[in-house]
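Breakdown of the fold
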Amino acid sequence: MGRINLLDPLLSSRIAAGEVIERPQSVLREFLDNSLDAGSDDITVIIEGGGIDKLEVQDNGKGINREDLSLIATRHATSKIHKPDDLYEINTLGFRGEALYSISSVSKLTISSFDSEEKNASTLVIDNGKRYPVRETGPEKGTICTSEDLFLDIPARRSFLKRASTESNLCRTLLSSKALAFPNVRFTLKVDGATRMQWPKAADYKERVMMLWREYGISSADVTMLEEKEEDYSITVVAGTSAVKRSDKKEIRIYVNSRPVEEFSMVQAVIYGYGELLPGGSYPYACVFINDKSEMVDFNIHPAKKEVKIRNKADIHHTLSTMIKRGIERKIPEIKSVRQFYLDDAERWENGAKTKYYGTFTPQQSSPIEEKKEEKPVIYNHGREEKIENFEDRSSHYTPKDPDWLKKAKELKAIREKAKTESAIKEEKKSVDEDEIIYIGQAFDLFLICQKGDSLYLVDQHAAHERILYDELLSLNTVQQLLVPIKIEVDDITDDFLDRNSYVYTKLGISLLKDKKGEWEIDAIPAVCRGIEKEIVDFITNAKSDEHELEQELFAVMACRKAIKMGDKVDKWAAMSILEKVFQMEEPCCPHGRTFLVKITKQSLKEMVGRTK
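Residues numbered from 1 in each chain as written. Predicted model: local features only at pLDDT ≥ 70, side-chain atom pairs only at ≥ 80, totals over all residues. Heavy atoms only, no water.

**What to know about the overall build of the chain**
Secondary structure assignment for the chain yields 18 helices and 25 strands. Here the chain holds 613 residues, and the buried ones make up 48% of them. Sequence-distant contacts, at least 24 apart, represent 67% of the contacts inside the chain between residues at least 6 apart. Of the roughly 32,700 Å² of accessible surface on the chain, 51% is carried by carbon and sulfur atoms. (Helix = DSSP H or I, 4+ residues; strand = E, 2+ residues; numbered from the N terminus. Buried < 20%, exposed > 50% of the residue type's maximum accessible area, 1.4 Å probe, protein only. Contact = heavy atoms within 4.5 Å. Areas by Shrake-Rupley, 256 points an atom, 1.4 Å probe, with all protein chains shown as cover.)

Set out below in structure tokens:
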């Protein structure tokens, strides 16, 4: 008797489902993709028991035709592609025709929908592969997709799921990730009957991203939005300045055609763009939204569409890295009180009607599929409750007559913001330049503390002195001739390198002469480098960089070795000399790119200790 047999259809479907549906988070991903593809701009997610007991997505999209509903959740049934060539011009989030089929194989799937064209409602139920007839009943608007008792008939798979709270958090993380790419959609999350997240519609990517980043304590003043449009693609980047950083790459998010993807080369482009703005071991906050021509990308690689092939990857990589390098500014980190943080970040209407604040609290609202009139949301404004207008209400008050009004308004806004920013920078610089420096003392034999105007500054003495020495080396004020030349021996590779590049050292104030093959001598060095001759010799015998990198690396090494160290005592006069030079710098950072200056305003200090006057 033969050993090969055909698998039972239900068993084969559950095996296939394992590639697409791993946990409630996977179900939510597929439901959201379908809702967004249906043109929804109001989506509510309801989770019970971590999404294992129940996971429901309600939307206000165009709905599903009754005839289509009878075919839905059949394997490879999809409305997104019709012929082979469509696979290479995909403009929707879903397209494989596997998701609903897989969900219906491992849970009880219920789809209720109102067809906005035929004006009728229908409901389909598939319980672990068992299909029931379509019923002529359903919601009055949009679609409701519900998954219940996930993996109930597959105990082995169910046992691998986490606790309900963990599964709920994974679903929330996914919802946040999806929502970032769709600022024009309102998202609501309800967990076990309580509203845990509500993100209203946003004006642009930055406003939407800030709904997430505020949870990390980041102010919108420390975030910028960059935009670049090329012939085949466009890129929008929402990124933090040098004042905000983290120790991992988790908040470098890459989106291609509105899909969150794992794309290492684009993450690297972001890191390259920041360069030395952040110290070693630190990474930025950055959300990158790439919109590329559909024929230039291929998502048909991973069942969950987490990976993508990009045909013009090199061009996008270069553009992304360049726009970040040119657009991200270095800022002096400032310590703020909690109250000051929210005050700085508040966006107020001139008539005082509204203060925006996005937190985890959300008022109870009607379902997007219900017809009854929706209540105005309640926004907590520092202890006061206020009824506010939503975006649709406000926008209906104005009827622009010029068809290009939006484009012109954006251009005018950009001009005003640029002028305002330049003016603020000038005023701040003028204020810093004019205020007297009052030296207070040294803390932990590491920080120099001073007062300037209405702010306290803490300065890393080593990094600040290192930068001062670096600048002096660049100016090459004095070169000192050595009474006894320093002889060095090098290997053949280094000897050839020095033959080609010894002139670079001469430009840097180091007179390097060749005695014979493999033997060189130094007969002059910059005056500020006296005492670190050994470090210079070590650098010369090991350096293999190009001219530009050679200069930067050598000066950084010399400045670092010569600078005041952590633990060194600094007298008042030396400290004042360092501080005066620090406040004359355009960008206060060490040669390695680390910012060495922190500011605390008088107002923030007063608020931290509870002083109101």
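Having seen the model, we can carry on.
**Observations regarding helix α8 (residues 264-274)**
In terms of residue burial, α8 counts as a mostly covered element, since eight of its eleven residues are buried. Those residues of α8 that sit buried are Ser265, Met266, Val267, Gln268, Ala269, Val270, Gly273 and Tyr274. Taken together, the buried residues of α8 touch β10 (233-240), β11 (252-256), β13 (286-292), β15 (309-310) and α9 (313-327).

**Re a nonpolar patch on the surface**
A grouping of Ile335, Leu605, Met608 and Val609 is seen on the molecular surface, where their side chains present a nonpolar patch of about 350 Å² in accessible area. Tracing the backbone shows Leu605 in helix α18 (residues 602-608). For Leu605, a relative accessible area of 33% corresponds to the partly exposed category. (Patch = residues over 30% accessible without salt bridge, like charges linked within 9 Å, V, L, I, M, F, W, Y side chains within 5 Å. Salt bridge = Lys/Arg side-chain N within 4 Å of Asp/Glu carboxyl O.)

**What about the sheet that holds strand β22 (residues 479-489)?**
Each strand in a sheet pairs with another by means of backbone hydrogen bonds, the pair being arranged parallel or else antiparallel. Taken together, the three strands give an open sheet; going across it, the order is β22-β24-β23, and neighbouring strands pair in antiparallel fashion. The open sheet has two edge strands with one neighbour each: β22 and β23 (511-516). Geometrically, the sheet is characterised by an average inter-axis angle of 20° between neighbouring strands, direction not taken into account. In this sheet, strand β24 (residues 519-526) lies alongside β22 in antiparallel orientation, the contact comprising seven bridges. (Pairing = 2+ DSSP bridges. Axes fitted to C-alpha atoms, helices over the stretch in contact; angles between N-to-C directions.)

**Comments concerning the packing of aromatic side chains**
Tallied over the entire structure, the rule returns five aromatic pairs. With 5.0 Å between their ring centres and 80° between their planes, Tyr457 and Phe583 make a pair best called edge-to-face. Linking Tyr457 in strand β21 (residues 455-460) with Phe583 in the loop between α17 (572-582) and β25 (597-601), this pair joins segments that are 126 residues apart in sequence. As far as the burial class goes, Tyr457 and Phe583 line up, both buried. An aromatic cluster of at least three residues, connected via ring pairs, comprises Tyr205, Tyr255 and Phe289. Positioned over the ring face of Tyr216 is Arg246, at 5.8 Å from the centre of the ring. In this structure, Lys452 is placed above the aromatic ring of Phe583, and the distance from its NZ or CZ to the ring centre is 5.3 Å. (Phe/Tyr/Trp six-rings, centres within 6.5 Å; stacked < 30°, edge-to-face > 60°. Lys NZ or Arg CZ within 6 Å of the ring centre and 35° of its normal.)

**Let's talk about the packing of helix α2 (residues 24-37) against helix α4 (residues 99-106)**
Axis separation between α2 and α4 bottoms out at 10 Å; the angle between their running directions is 140°. Comparing the axis directions of α2 and α4 gives the class oblique. Of the two elements, α2 crosses α4, and the hand of that crossing is left-handed. Contact residues: Val27, Glu30, Phe31 and Asn34 in α2; Ala99, Leu100 and Ile103 in α4. Of the residues in the contact of α2 with α4, the class split is five nonpolar, one polar and one charged. (Parallel < 35°, antiparallel > 145°, perpendicular 65-115°, else oblique. Left-handed = near helix turned anticlockwise from the far one by under 90°. Nonpolar A, V, L, I, M, F, W, Y, C, P; charged D, E, K, R; others polar.)

**Things to note about the packing of helix α14 (residues 492-507) against helix α15 (residues 533-542)**
Following both chains from N to C, one finds α14 and α15 inclined at 120°, their axes separated by 10 Å at the closest point. Taken together, α14 and α15 sit at an angle that is classed as oblique. Packed against α14, whose contacting residues are Thr494, Leu498 and Tyr505, the element α15 presents Phe539, Ile540 and Thr541 at the interface. Residue classes in the contact of α14 with α15 are distributed as four nonpolar, two polar and no charged.

**Describing the confidence of the model for the chain**
Mean pLDDT over the chain works out to 77, with 70% of the residues at or above the 70 mark. Across residues 346-402, where pLDDT falls below 50, the model places 86 contacts with residues more than four positions away in sequence or in other chains. (pLDDT = per-residue confidence, 0-100.)

**Overview of the sheet that holds strand β12 (residues 259-261)**
One open sheet accounts for five strands, arranged β9-β10-β13-β11-β12; its pairing is mixed. In this open sheet, the two edge strands, each paired with only one partner strand, are β9 (223-229) and β12. The average angle at which neighbouring strand axes cross in this sheet is 20°, direction not considered. By the bridge criterion, seven bridges tie β10 to β13 in an arrangement that is antiparallel.

**Regarding the pattern of salt bridges**
Counting across every chain of the model gives 19 salt bridges. Of the charged contacts, one joins Glu167 and Arg23 as a salt bridge, the two residues approaching to 2.8 Å between their closest N and O atoms. Remark: Arg23 occurs in the loop between α1 (9-20) and α2 and Glu167 occurs in helix α6 (residues 164-180); sequence separation between them is 144 residues. Comparing Glu167 with Arg23 shows no difference in burial state: the two are buried. Here Asp495 ties to Lys517 by a salt bridge, and the two come within 3.6 Å at their closest N and O atoms. You can see Asp495 sitting in helix α14 and its partner Lys517 sitting in the loop between β23 and β24, a full 22 residues away along the chain.

**Focus on unusual backbone geometry**
Here the phi dihedral of Asp192 falls at roughly 50°; this positive angle occurs in a residue that is not glycine. Counting through the fold element by element, Asp192 comes out in the loop between β7 (186-191) and β8 (194-199).

**Here we look at the side chain of Arg253**
Its place among the elements puts Arg253 in strand β11. Classification of Arg253 as buried rests on a relative accessible area of 15%. Of note is the side chain of Arg253, whose polar atom sits 2.9 Å from the side chain of Glu251. Ignoring sequence-local partners within four residues, the contact set of Arg253 consists of Ser177, Leu180, Leu212, Tyr216, Ala286, Cys287 and Val288. (Polar contact = N/O pair within 3.5 Å; in protein donor to acceptor, adjacent residues only side chain to side chain.)

**Let's talk about the environment of Arg330**
Summarising the element assignment, Arg330 is placed in the loop between α9 and β16 (334-335). As a C-alpha pair, Arg330 and Thr595 span 265 residues in sequence and 8.4 Å in three-dimensional space.

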